[in-house]
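# Understanding the architecture of this molecule
Residue strings, one per chain:
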Amino acid sequence: MLEDYFILEIHTTEVSSTPTTHLCLGPTLGLDSSSQYLQLSKAIMGQELCSKALQPGCSCYRSEGRDARSCRRSQTVAMDSALELTDLREASSSMTSLHPKGSHASQARKFKSKRPRSNSDSFQEKDLEQSFPWRKSLPFGAASSYLNLEKLGEGTYATVYKGISRINGQLVALKVISMNTEEGVPFTAIREASLLKGLKHANIVLLHDIIHTKETLTFVFEYMHTDLAQYMSEHPGGLHPHNVRLFMFQLLRGLAYIHHQHILHRDLKPQNLLISYLGELKLADFGLARAKSIPSQTYSSEVVTLWYRPPDALLGATEYSSDLDIWGAGCIFIEMLQGQPLFPGVSDIIEQLEKIWSVLGVPTEDTWPGVSKLPNYNPEWFLLSKPESLQVVWNRLGKIPGAEDLASQMLRGFPRDRVSAQEALAHDYFSTLPAELRQLPDVESLFTVPGVRLKPEICNLLASYQRNHHTSQFSKCW
Amino acid sequence: MSVSPAAREELRLSFPPHPIPGASDSGASLSLQSPVKSAPLEKPVAAATPGTAPAGRSQRAAQPWPPPGLAEALTTLGLDGEREYAGDIFVSVMAGQALPKTDLPRAVTAEMRALVVDWLVQVHEYLGLAGDTLYLAVHLLDSYLRVAPVRLRHLQLLGVACLFVACKVEESTRPEPASLCLLGAGSFSPAQLLRAERRLLSRLNFQLYYPGPLLCLGLLAALARSRPRVVLLATYFLELSVLEAEAAGWEPGRRAAAALALAQSVLLHEGGEGPELGLYSKAELGPIEPCMARAALRGPAPGRAAVFLKYARPQRQCISLTAARLLSRTCPAPP
């Protein structure tokens, strides 16, 4: 499928006549896809870079495990076979300024990058962005307007590549949708695109463009450097309380915006919260989002992790509204502070519920009208534990003023008791943030306000002390 | 949008000869666009006017928007988790835009469109889909017809592709392409359906969000505290309007308000109506109500029977039969 994408990309390149790059792909068709996109990106990025890159072992876009081997293999094959770059006058002349930094960057990454998406990449990419001469005339919606750089990850219905826009030089994330031959376009892709089309907010991921080709469908998103799950794994043991406050404010700001429009995200988890190198947090992955409340079949499928599911949904309630997302946001809040998921390791609904009851106490008809009528309610829970104070369970909540109160308002069993995102933004917990943040227009990021910035994470300070040579670069973010 | 009582009276009197573009240029075999059909409507409408037209009615701009009692209305709709956002939701749902008023493509007449939509109504009922899905499917069909040409023999394929996409947006269980092809009596293949789906998404550029008129009707009826029977009748009138090509040019909120107002006036003798909302003036609803009433009077006309038959079932209280009876009592039977 990916192969089709590349062939198509070349085809459209030829037709659009701007970059006159003819690439003989015939002999390489037997290769795996990563080698092909390697060749293609080389072909488009210029001859000189390409000839450098083709030296064995010299450059490889990904360096881990199997991919590295396959790339190296492809390089030798590609050298032997016909990788013909004809009529490169325009392409290479427009790319010359790229070569020194570009090839250096890709070499440097070979030694450094541990993960496909690492924060340290961003600065080299900045160089790349600045030195690339962009074509203003390239159209949106055409595959030839974007270059694939590297694979970032594979989801259930899509593969995400890092790419670069040839229209304005921005880094982008290219989500290539796999077409199901039975069902057509996946329903998650349809919902995500149609909802994101109408959402313009600094804390919602931006959908730049949609590319329709005959065989594939590609969504072009703004590129974000990492996600919250990865950020937390890079900074184990809990995040800096100041940063948690900034992340939480942005999460609630994004939620308030979509809830105002009667859209539920329904799949909040750290993996779906993208983070830029500045610290901007954006909601992403609207594949399960809905424009209103609906029956539960799509929600209770296995793809949604149990850990962030509220007790009402676990009990089998089918009518839920914005309070559904608030529970997930509350879980993420405590997880950021503590550095660990709240209710990890559970495998089924009942176990998850019992974990929740062990903290909140078992709900009764007094605390939660109608709870005993829900399908998964079990009267024997009555014998279980009494509610505990949240800071007894999660000690860091007690150390930050207002944190426990906000968390307890978000983690209420009875859905109607949960605080709304709009109310939560006005909570005392956020009173230390500048007042301007509440008057920001929708599309303005928090970090446009002077003085708002992330603080370095504790473990990052230690790490940067140990590997001294790149510290000056990192001081900009964390 | 304020209309003085005198002006309203004038409008009301002038609306019998009001041209109904869809009905007249479609060459409908049912020549119902004559004043004879519209005039009788005045009776219930006029009867509703004196009691329910307070002075404030004409000052819509001065009314609180959203109207009072919205949170309670949302509670009755099972949306009580949304109190905080009730106002925004109401505005965003009711402010849904109409499609631009353009003619159908040359190859497609209003009659042909009605035939396909009528078939979609049957498929929709057979598959037991949600009400919103039908309105979204028809909305997608009308949107596509405004941006791209379609050959007449592909109109049914386009219609079913619209329903297929609407299911993916709205439904939690989606019909198999093969079963849709079966319902199409083999006039298109699953592969053709999937190609049509891609073309539809590409032409519409994924702009599929449409808070259809059914959601508006639910909100308006909850606000007006209408009886279930009135809501059912209004739902019937609303669904009849999907057959009309011109309905795409009505904002979903106005369309729902017209259906509700018509249902209220038809069932006026049963009494017990809640407060008049007055969100739309008579002049705004004027062109829509007679169109729905004509469709209800038409009954099971060939090629346009699906909605009538659907609402003639006992589980829907045979409301379409009741509607035809009550409407024809106030006007002579169709020739």
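Residues numbered from 1 in each chain as written. Chains lettered and ligands numbered in written order. Predicted model: local features only at pLDDT ≥ 70, side-chain atom pairs only at ≥ 80, totals over all residues. Heavy atoms only, no water.

In the annotation of an unreviewed UniProt entry, the entry for chain B reads Cyclin N-terminal domain-containing protein 2 isoform X1, and the organism field reads Phascolarctos cinereus. Looking at the Sequence similarities (unreviewed entry) heading of the UniProt record, one finds this comment for chain B: "Belongs to the cyclin family." (UniProt positions renumbered as here; feature names shortened; annotations may be inferred.)

For chain A, an unreviewed UniProt entry supplies the name cyclin-dependent kinase and the organism Phascolarctos cinereus.

Scanning chain B from terminus to terminus reveals 18 helices and 0 strands. Counting every position in chain B, which comprises 335 residues, the buried fraction comes to 55%. Split by element, the accessible area of chain B, about 13,700 Å² in all, is 58% carbon and sulfur. (Helix = DSSP H or I, 4+ residues; strand = E, 2+ residues; numbered from the N terminus. Buried < 20%, exposed > 50% of the residue type's maximum accessible area, 1.4 Å probe, protein only. Areas by Shrake-Rupley, 256 points an atom, 1.4 Å probe, with all protein chains shown as cover.)

With that settled, the discussion passes to the pairing of strand β1 (residues 146-154) of chain A. Sheet faces and side chains relate simply in a regular strand, where the side chains alternate between the two faces. Residue and element names in this part refer to chain A. One ladder, built from 7 bridges, connects β1 with strand β2 (residues 158-165); its direction is antiparallel. By the bridge assignment for β2, E154 is matched with T159. Once β1 ends, the chain turns through 3 residues before running back antiparallel as β2. (Pairing = 2+ DSSP bridges.)

To continue, consider the pattern of salt bridges. Residue and element names in this part refer to chain B. Under the counting rule described, the total for this entry stands at 13 salt bridges over all chains. Its salt-bridge partner being R313, residue E125 comes within 2.8 Å of it at the nearest N-O pair. Of this pair, E125 sits in helix α7 (residues 110-126) while R313 sits in the loop between α17 (306-310) and α18 (319-329), and the two are 188 residues apart along the sequence. Its relative accessible area of 24% is what places E125 among the partly exposed residues. The shortest N-O distance in the salt bridge between E251 and R254 comes to 2.6 Å. Its relative accessible area of 13% is what places R254 among the buried residues. Through salt bridges with shared partners, one network takes in E111, E244 and R304. (Salt bridge = Lys/Arg side-chain N within 4 Å of Asp/Glu carboxyl O.)

The subject of this paragraph is the interface of chain B and chain A. In this assembly, 30 residues from chain B lie in contact with 45 residues from chain A. Across the chain B to chain A interface the summed buried area is about 3,100 Å²; carbon plus sulfur atoms make up 53%. Three residues stand out in chain B for area buried against chain A, namely Y85(B), R198(B) and F206(B), and they jointly supply 25% of the buried area on that side. Between chain B and chain A we count 0 salt bridges in total. Our enumeration of links across chain B and chain A arrives at 8 residue pairs in polar contact (both at pLDDT 80 or more). Elements with a contribution of two residues or more to the side of chain B that touches chain A: α6 (86-94), α9 (155-170) and α11 (190-204) of chain B. Ranked by residues supplied to the side of chain B that touches chain A, first place goes to α11(B) with 5 residues. (Contact = heavy atoms within 4.5 Å. Buried area = accessible area lost by both parts, 1.4 Å probe. Polar contact = N/O pair within 3.5 Å; in protein donor to acceptor, adjacent residues only side chain to side chain.)

Right, let's talk about the sheet that holds strand β4 (residues 207-212) of chain A for a bit. Residues and elements named next belong to chain A. Overall, antiparallel pairing links the 5 strands, which are arranged β1-β2-β3-β5-β4 in an open sheet. Two strands lie at the open edges of the sheet, namely β1 and β4, each paired on one side alone. Across the sheet, the mean angle from the axis of one strand to that of its neighbour is 25°, orientation sign disregarded. Here strand β3 (residues 171-177) runs beside strand β5 (residues 217-222); their pairing, made up of 6 bridges, is antiparallel. Residue pairing across strands places V172 opposite E222, the latter belonging to β5. (Axes fitted to C-alpha atoms, helices over the stretch in contact; angles between N-to-C directions.)

A word on the UniProt feature "binding site: ATP" (unreviewed entry) in chain A. Residues and elements named next belong to chain A. Cross-referencing UniProt, the feature "binding site: ATP" (unreviewed entry) maps to K175 in the present numbering. Mapping K175 onto the fold places it in strand β3. Residues in contact with K175, not counting those within four places in the same chain, are Y157, A158, T159, V160, E192, L217, T218, F219, F221 and D285. Here E192 takes part through its side chain, which lies 2.9 Å from a polar atom of the side chain of K175.

The next subject is helix α13 (residues 349-360) of chain A. Note that an α-helix has 3.6 residues per turn; residues three or four places apart therefore point the same way. All names here are of chain A. Along its 12 residues, α13 runs 16 Å from first to last C-alpha, staying within 8% of the 16 Å computed at 1.5 Å per residue. Those residues of α13 not exposed but buried are Q352, L353, I356, W357 and V359. What you see down the axis of α13 is that its buried residues fit within an arc of 160°, all on one side. Lining the buried residues of α13 we find α11 (311-314), α12 (323-338) and α14 (390-393). (Expected span 1.5 Å × (residues − 1). Arc of directions from axis to C-beta.)

Quick look at the environment of H201(A) now. Residue and element names in this part refer to chain A. Structurally, the position occupied by H201 is in the loop between α8 (187-197) and β4. For the pair H201 and Y257, spaced 56 residues apart in sequence, the C-alpha separation works out to 7.6 Å. Those residues in contact with H201 that lie beyond four places of it in its chain are R253, G254, Y257 and D442. One polar contact links the side chain of H201 to the main-chain amide nitrogen of N203, over a distance of 2.9 Å.

So, on to the packing of aromatic side chains. Here a ring pair, both rings aromatic, is described through the centre-centre distance and the interplanar angle of the planes. Under the defined criterion, the tally for this structure stands at 10 aromatic pairs over all chains. Measuring from centroid to centroid gives 6.0 Å for F343(A) and W394(A), while their planes differ by 80°, and the two rings are edge-to-face. On the criterion of sequence distance, the pair formed by F343(A) in the loop between α12 and α13 and W394(A) in the loop between α14 and α15 (403-410) is long-range, its members being 51 residues apart. We classify F343(A) as buried; its relative accessible area is 4%. Residue W394(A) is classed as buried on the basis of its relative accessible area, which comes to 7%. Each ring, one from Y236(B) and one from F237(B), has its centre 5.9 Å from the other, and the planes form 35°; the classification is tilted. (Phe/Tyr/Trp six-rings, centres within 6.5 Å; stacked < 30°, edge-to-face > 60°.)

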